[in-house]
Amino acid sequence: MFPHYRLVGFCGLPGAAALGRLGTGDPGRRAAEAEKVAHSYAAGREPLPVLELLATVANSSAGPDGTYRSRTPAATIRRFHRVARDRKALLLLNIQPGRAAVLDEVKALRDWLVHPDVGVALDPEWEMRSGEVPGDTYGHTDGHELTKVARYLSGLVEKHDLPQKPLVFHQVATSVVGEQSALRPQPGVALIKSADGIGSPGLKRGTWRELVNDLPDGLHTGFKLFYEEDAEGSRLMTPKEVLALRPQPEYVMYE
């Protein structure tokens, strides 16, 4: 996948405009827009548009099973997978697990993950321990858990003879991912650490420097931008500014 491609796209969920641009308007039009934005980040690489669809969404209420999460219907995932395939884009299935086990949520998406154009994005700030409620505090994962997910995806890649599969984890603060040194790259899986966080260009550069310091070997980088929140009281970073970051982000995602 790298360094051939640069991944660029939108995230979201239909009917929930606050969760990202992908959830607004016609999915086909959003995919075409993502493709256009992706070309502005090419910088010598082949741009690969990405649709990052929220497949597991954290909730502030426990729900009938007490997991504080809901799963996106298969019909919605199927619709976006068709759009991604039509546009030669990549579909990333985003997981906000609440109190559910992360690996269980990944395994629940197996029917989609056996496709060559589907990967996983984890949002560990929404991964809650017992007694914690999404939105009240940041959640947490660690290198051991991320390695387990990567190992599972690696098994699917081997069994189904798939191309390298991306595994993104978004990180908004250093506390959200512990024991990063325990993260072990797995065959057939591209590990991508995506720097999250809202703010001015200066604030976002500061967060970036903090999060990419002492990256483990084999870990690629991503960068997240917010069309509305970043621009409140400031402005959105330009593609030129994002590409000036070091190391240069290999995945750029807009919410």
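Residues numbered from 1 in each chain as written. Predicted model: local features only at pLDDT ≥ 70, side-chain atom pairs only at ≥ 80, totals over all residues. Heavy atoms only, no water.

(A) Broad picture of the overall build of the protein chain. When you go through the protein chain residue by residue, the secondary structure sums to seven helices and eleven strands. Taken against the 2.2 N^0.38 rule, which gives 18 Å for 255 residues, the C-alpha radius of gyration of the protein chain at 17 Å falls within 12% of a compact globule. Dimensions of the protein chain, computed from the C-alpha atoms along their principal axes, are close to 45 × 40 × 35 Å. By the burial criterion, 55% of the 255 residues in the protein chain qualify as buried. A sequence separation of at least 24 residues applies to 74% of the contacts in the protein chain between residues at least 6 apart. With the model as given, the accessible surface of the protein chain reaches about 11,100 Å², and the carbon-plus-sulfur share is 49%. The positive charge centre, built from 31 side chains, and the negative charge centre, built from 32, are 5 Å apart in the protein chain. (Helix = DSSP H or I, 4+ residues; strand = E, 2+ residues; numbered from the N terminus. Rg over C-alpha atoms; globule rule 2.2 N^0.38 Å. Buried < 20%, exposed > 50% of the residue type's maximum accessible area, 1.4 Å probe, protein only. Contact = heavy atoms within 4.5 Å. Areas by Shrake-Rupley, 256 points an atom, 1.4 Å probe, with all protein chains shown as cover. Lys, Arg positive; Asp, Glu negative; His and termini not counted. Charge placed at Lys NZ, Arg CZ, Asp CG, Glu CD.)

(B) Summary view of the nonpolar core. Formed by 58 residues in total, the largest nonpolar core has its most connected members in Tyr-41, Leu-91, Leu-93, Val-106, Leu-122, Leu-153 and Leu-167. Among the elements that take part in this core, helix 5 (residues 143-159) stands out by supplying six residues, more than any other. Once residues within four sequence positions are removed from consideration, Val-106 is found in contact with Ile-95, Leu-113, Val-120, Leu-122, Val-149, Tyr-152 and Leu-153. (Core = buried A, V, L, I, M, F, W, Y, C linked by side-chain atoms within 4.5 Å.)

(C) View of the packing of aromatic side chains. Applying the stated criterion across every chain, the model contains five aromatic pairs. Ring centres of Phe-10 and Tyr-227 lie 6.0 Å apart, and the angle between their planes is 70°; on these two criteria the pair is classed as edge-to-face. Pair noted here: Phe-10 is in strand 1 (residues 5-12) and Tyr-227 is in the loop between strand 10 (219-225) and helix 7 (239-243), with a separation of 217 residues, a long-range link. You can call Phe-10 buried: its relative accessible area is 1%. (Phe/Tyr/Trp six-rings, centres within 6.5 Å; stacked < 30°, edge-to-face > 60°.)

(D) Seen up close, the pairing of strand 9 (residues 189-195). Within strand 9, seven of the seven residues are buried, leaving the element largely enclosed by the surrounding structure. Taken together, the seven bridges between strand 7 (residues 165-171) and strand 9 define a ladder with parallel strand orientation. By the bridge assignment, Lys-165 is partnered in strand 9 with Val-189. With five bridges joining them, strand 9 and strand 10 adopt parallel strand pairing. What sits directly across from Ile-192, in strand 10, is His-220. (Pairing = 2+ DSSP bridges.)

(E) Expanded view of the packing of helix 1 (residues 27-39) against helix 2 (residues 74-86). For the pair helix 1 and helix 2, the least separation of the axes is 10 Å and the interaxial angle reads 40°. With respect to each other, helix 1 and helix 2 are oriented oblique. When you trace helix 1 past helix 2, the crossing you get is right-handed. Across the interface between the two elements, Pro-27, Gly-28 and Ala-31 from helix 1 touch Arg-79, Phe-80 and Val-83 from helix 2. Here the contact of helix 1 with helix 2 is composed, by residue class, of four nonpolar, one polar and one charged. (Axes fitted to C-alpha atoms, helices over the stretch in contact; angles between N-to-C directions. Parallel < 35°, antiparallel > 145°, perpendicular 65-115°, else oblique. Left-handed = near helix turned anticlockwise from the far one by under 90°. Nonpolar A, V, L, I, M, F, W, Y, C, P; charged D, E, K, R; others polar.)

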